[in-house]
Amino acid sequence: MVRGASLPPVSLLTLTGTLTSSSHHFLLLLSDSALPLGSFAFSSGLESYLAHTRPKSSFPAFLNFSLSSYASTTLPFVLAAHRKPIDLIELDDTLDAAIMCTVGRRASVAQGRALLSIWDRSFSSALPAGASAAAVAALKDFTVLLRATSSNITTGLPTASAHLGPLFGAIAGILGISLRQAAYVFMLSHVKALLSAAVRASMFGPYHAQKMLASVEIQEGILKVIEQEWNTNIEDAGQSVPVMDLWIGRHEMLYSRIFN
Amino acid sequence: MTSPFPVSSSAPGEGQIVVEILPHGISALSKITFQYPLKLISPSPAAGQKSVLVFLLTYGGGLVGGDQVHLTIDVKPDGKLSIVTQGHTKIFKSPTRDVITKQRLHVTLQDNAALCLLPDPVQPFEGSVYQQSQTFTLVNTASLCLLDWVSAGRTARGEDWDLSTWSGRNEVWALAEPGGKPRLLLRDNVILAGDLEDSKDKGLRKKMQQMGIFGTLVLRGPLVEGLAAFILNEFATLPRIGARDFRSQDKMNEDSGITLSLDEKWRQTRLAQEKADTVLWSAARVRGCTVVKFGARTVEGGRVFIGSLIKQEGSISQIFGEDSILCIR
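How each quantity is defined
Residues numbered from 1 in each chain as written. Chains lettered and ligands numbered in written order. Predicted model: local features only at pLDDT ≥ 70, side-chain atom pairs only at ≥ 80, totals over all residues. Heavy atoms only, no water. Helix = DSSP H or I, 4+ residues; strand = E, 2+ residues; numbered from the N terminus. Rg over C-alpha atoms; globule rule 2.2 N^0.38 Å. Buried < 20%, exposed > 50% of the residue type's maximum accessible area, 1.4 Å probe, protein only. Contact = heavy atoms within 4.5 Å. Areas by Shrake-Rupley, 256 points an atom, 1.4 Å probe, with all protein chains shown as cover. Pairing = 2+ DSSP bridges. Axes fitted to C-alpha atoms, helices over the stretch in contact; angles between N-to-C directions. Phe/Tyr/Trp six-rings, centres within 6.5 Å; stacked < 30°, edge-to-face > 60°. Patch = residues over 30% accessible without salt bridge, like charges linked within 9 Å, V, L, I, M, F, W, Y side chains within 5 Å. Salt bridge = Lys/Arg side-chain N within 4 Å of Asp/Glu carboxyl O. Lys, Arg positive; Asp, Glu negative; His and termini not counted. Polar contact = N/O pair within 3.5 Å; in protein donor to acceptor, adjacent residues only side chain to side chain. Parallel < 35°, antiparallel > 145°, perpendicular 65-115°, else oblique. Nonpolar A, V, L, I, M, F, W, Y, C, P; charged D, E, K, R; others polar.

Enquirer: Where do I start with the overall build of chain B in this structure?
Expert: Tallying secondary structure elements over chain B gives 6 helices and 18 strands in all. Here the C-alpha atoms of chain B give a radius of gyration of 22 Å, agreeing with the 20 Å that 2.2 N^0.38 yields for 329 residues. Projecting the C-alpha coordinates of chain B onto the three principal axes gives extents of approximately 95 × 60 × 35 Å. Across the 329 residues in chain B, those meeting the buried criterion constitute 52%. Pairs at least 24 apart in sequence give 73% of the contacts found in chain B among residues at least 6 apart. Carbon and sulfur atoms provide 55% of the accessible area of chain B, an area that totals close to 15200 Å².

Structure follows, in structure tokens:
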């Protein structure tokens, strides 16, 4: 009898859960680069990194830093929102309190609002049959809160910001995507956006970008950070690469910029 | 036979500070307690002192693996407190990663109260395991100036981020009214994961990008608004990266003949120092607080940079007294 090929280290594409073919469909939609999140407008600090480290810039090094940094700051919120979507408003506010610079906040909120818009206009009418009513209601409450007030006059604090991380986790959960899949897609999308930014910044061409994307290093890198953050409480989420805050914070100091 | 003595309520590393305003308008300590390995000393109050000065110390200048320090501070209405250190807080190595050295600080600032916490950097030695958490709860009229910075270790011995783990958390909570529910304004967590003993790849060192010091300055409240606005303005006027000088030679000669104002001279000196010491910094308003992040190649470079900003603007020493900026002068 011929032996079958061995399973990948973590069988991410096993379709667990009650919602199978529909969740597979949404998994493909959420991981599609054509999803109109507007991620193309942000370079996640790459442009600033290049300006600061020229001519000794190294994309593989930056990719590692970015993977580590994005996972430690944001992944715990994705996981928490997937596990408990009714906490969405609180998670959004807590993540807002943990973002130290305006550029990073802008990128997160712009993509978050775009995702909420996609949910509202495109996905909410095609809900899978077993979708959690409580989670859908939590998302609706969040949208209402977001539209109602832009900022509390007395405290100057936003009541809701619509950061990408928690929204992604909550929406992925409603669409039947498993926690592991949601985490993987979230991190992979970040890597794809970074590679796309590097191509547009003329660091290398699209074939090289695909080679990096397909590489074992990336696959293992993503799995490693997911394992690291799997049990991290949101109170313990934080910056694992301090210099990233400096690069992202200084993005607007660049004389000419391609990215926002 | 039961002991006639009351049960001891002290615990190792625990300390408490309560600051109150005296009838003639001077801040004073109404309570100051501490137990080994924490030590607090405060000079006798002087007649015109603007704030109470407390030195936050450890025995031997550092914390040994497993030491736990827990300090609670309460500044009553109109009180002012400055906290400084006598040198870097050294974190000695732990035998294993499970032996965690911890410092926790809980601060409550009441109506018009103010705290200035400008200590020396923490210096984690090779193999040290350290967790720090600082929580500040402020009413709307209270003010806070907080500096939290960490160095690469004993660089003279060749240490370069050889710590085992280092994590620092700073939380600022706003209390709308006393007894109400506090709202989280800011949670700044920095997590430095050191490399495993057997690993050859110096991952953390690479992540720190040749910085010898990394720090965060947090400002919140009416008394420090002047400094916050000043720093944000300096950040906004930093020369653009990649900008080219398109002036003709004649124009350049003309411009160099212009006498600069004192402020401009200071700015040029500071920018030159930033370049020489590879200082990277950014400043932003975050939910009612102003956060400054900075890194420099050397500890001295970082100290000169942050000290220069605070001294030039001048309000911290005006409000809290000259001694409040002891560690960054």
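That covers the picture; the talk isn't over yet.
Enquirer: Just to check I follow, could you spell out the sheet that holds strand E1 (residues 14-21) of chain B for this structure?
Expert: Backbone-to-backbone hydrogen bonds join strands into a sheet, with any given pair of strands oriented parallel or antiparallel. All names here are of chain B. With respect to topology, 7 strands assemble into an open sheet ordered E2-E1-E6-E9-E12-E14-E15, the strand pairing being mixed. The sheet is open, and its two edges are formed by strand E2 (27-34) and strand E15 (183-193), each paired on a single side. Recorded for the sheet is a direction-independent mean angle of 10 degrees between the axes of neighbouring strands. As paired strands, E1 and strand E6 (residues 68-75) are joined by 6 bridges and run parallel to one another. Of the residues in E6, the one forming a bridge with glycine 15 is leucine 71.

Enquirer: Can you help me understand the packing of aromatic side chains in this one?
Expert: Here the distance between the centres and the angle between the planes together describe a pair of aromatic rings. Residues and elements named next belong to chain A. Here the structure, examined in full by the defined rule, presents 16 aromatic pairs over all chains. Relative to phenylalanine 123, the ring of phenylalanine 26 has its centre 5.3 Å away and its plane inclined at 70 degrees; by these criteria the two rings are edge-to-face. In this pair, phenylalanine 26 sits in helix H1 (residues 21-30) while phenylalanine 123 sits in helix H5 (residues 102-123), placing the two residues 97 residues apart along the sequence. For phenylalanine 123, a relative accessible area of 8% translates into the label buried. On the basis of an interplanar angle of 80 degrees and a centroid distance of 5.1 Å, the ring pair of phenylalanine 59 and phenylalanine 204 is categorised as edge-to-face.

Enquirer: Would you mind going over a nonpolar patch on the surface with me for this structure?
Expert: Residue and element names in this part refer to chain B. Together, Ile32, Phe34, Tyr36 and Tyr59 make up an exposed nonpolar region whose accessible area comes to about 380 Å². With respect to the helices and strands, tyrosine 59 occurs in the loop between strand E4 (52-58) and strand E5 (62-63). The class for tyrosine 59 is partly exposed, based on a relative accessible area of 37%.

Enquirer: How should I be thinking about the side chain of aspartate 92 of chain A in this particular structure?
Expert: Among the structural elements, aspartate 92 of chain A can be located in helix H4 (residues 88-98). No salt bridge is formed by the buried aspartate 92 of chain A; the nearest opposite charge belongs to arginine 287 of chain B, separated by 7.2 Å. Within the structure, the side chain of aspartate 92 of chain A is placed 2.7 Å from the backbone nitrogen of serine 161 of chain A, a separation counted as a polar contact. Only 3.1 Å separates the side chain of aspartate 92 of chain A from the backbone nitrogen of alanine 162 of chain A, close enough to count as a polar contact. Aspartate 92 of chain A has contacts with Phe142, Ala160, Ser161, Ala162, His163 and Pro166 of chain A, leaving out every residue within four places of it along the chain.

Enquirer: So what exactly am I meant to see when it comes to the packing of helix H3 (residues 59-83) of chain A against H4 of chain A here?
Expert: Think of two packed helices as two axes; the pair is described by the angle between the axes and how far apart they sit. All names here are of chain A. Across the interface, H3 lies against H4 with an axial gap of 10 Å and an inter-helix angle of 175 degrees. Classed by the angle they form, the pair H3 and H4 counts as roughly antiparallel. Here Thr73, Thr74, Phe77, Ala80 and Ala81 of H3 come into contact with H4, specifically with Leu91, Thr94 and Leu95. Tallied by class, residues from the contact of H3 with H4 come to 5 nonpolar, 3 polar and no charged.

Enquirer: Can you walk me through unusual backbone geometry in this structure?
Expert: Most of the time, phi is negative for any residue but glycine, and the peptide bond is trans. Residue proline 55 of chain A is bonded to the preceding arginine 54 of chain A through a cis peptide linkage, with omega at -5 degrees. Within the secondary structure, proline 55 of chain A is located in the loop between helix H2 (46-53) and H3. For the bond from tyrosine 36 of chain B to proline 37 of chain B, the omega torsion is 5 degrees, close enough to zero to count as cis. Within the secondary structure, proline 37 of chain B sits in the loop between E2 and strand E3 (38-41). One non-glycine residue with positive phi stands out, namely serine 202 of chain A, at about 60 degrees. Its place among the elements puts serine 202 of chain A in the loop between helix H8 (179-200) and helix H9 (206-214). Of note, asparagine 112 of chain B is a non-glycine position whose phi angle comes to about 60 degrees, a positive value. Along the polypeptide, asparagine 112 of chain B turns up in the loop between strand E9 (101-109) and strand E10 (114-117).

Enquirer: Could you clarify how one ought to interpret the pattern of salt bridges in this entry?
Expert: Any two side chains of opposite charge can pair, on the condition that their charged atoms come close. What the rule picks out here adds up to 25 salt bridges over all chains. A salt bridge links aspartate 160 of chain B to arginine 205 of chain B; the nearest nitrogen and oxygen atoms lie 3.7 Å apart. A residue pair is termed long-range when its members are at least 10 positions apart, and aspartate 160 of chain B in the loop between strand E13 (143-151) and strand E14 (165-175) and arginine 205 of chain B in helix H1 (residues 203-207) qualify at 45 residues. On the basis of relative accessibility, which here comes to 29%, the residue arginine 205 of chain B falls in the partly exposed class. Among the salt bridges present, the one from glutamate 300 of chain B reaches arginine 303 of chain B, with a minimum N-O distance of 3.1 Å. Taken together, the residues glutamate 300 of chain B and arginine 303 of chain B, both in helix H5 (residues 299-313) and 3 residues apart, mark about one turn of the helix. Connected through shared salt-bridge partners, Asp93, Asp96 and Arg105 of chain A together with Arg183 and Arg287 of chain B make up one network.

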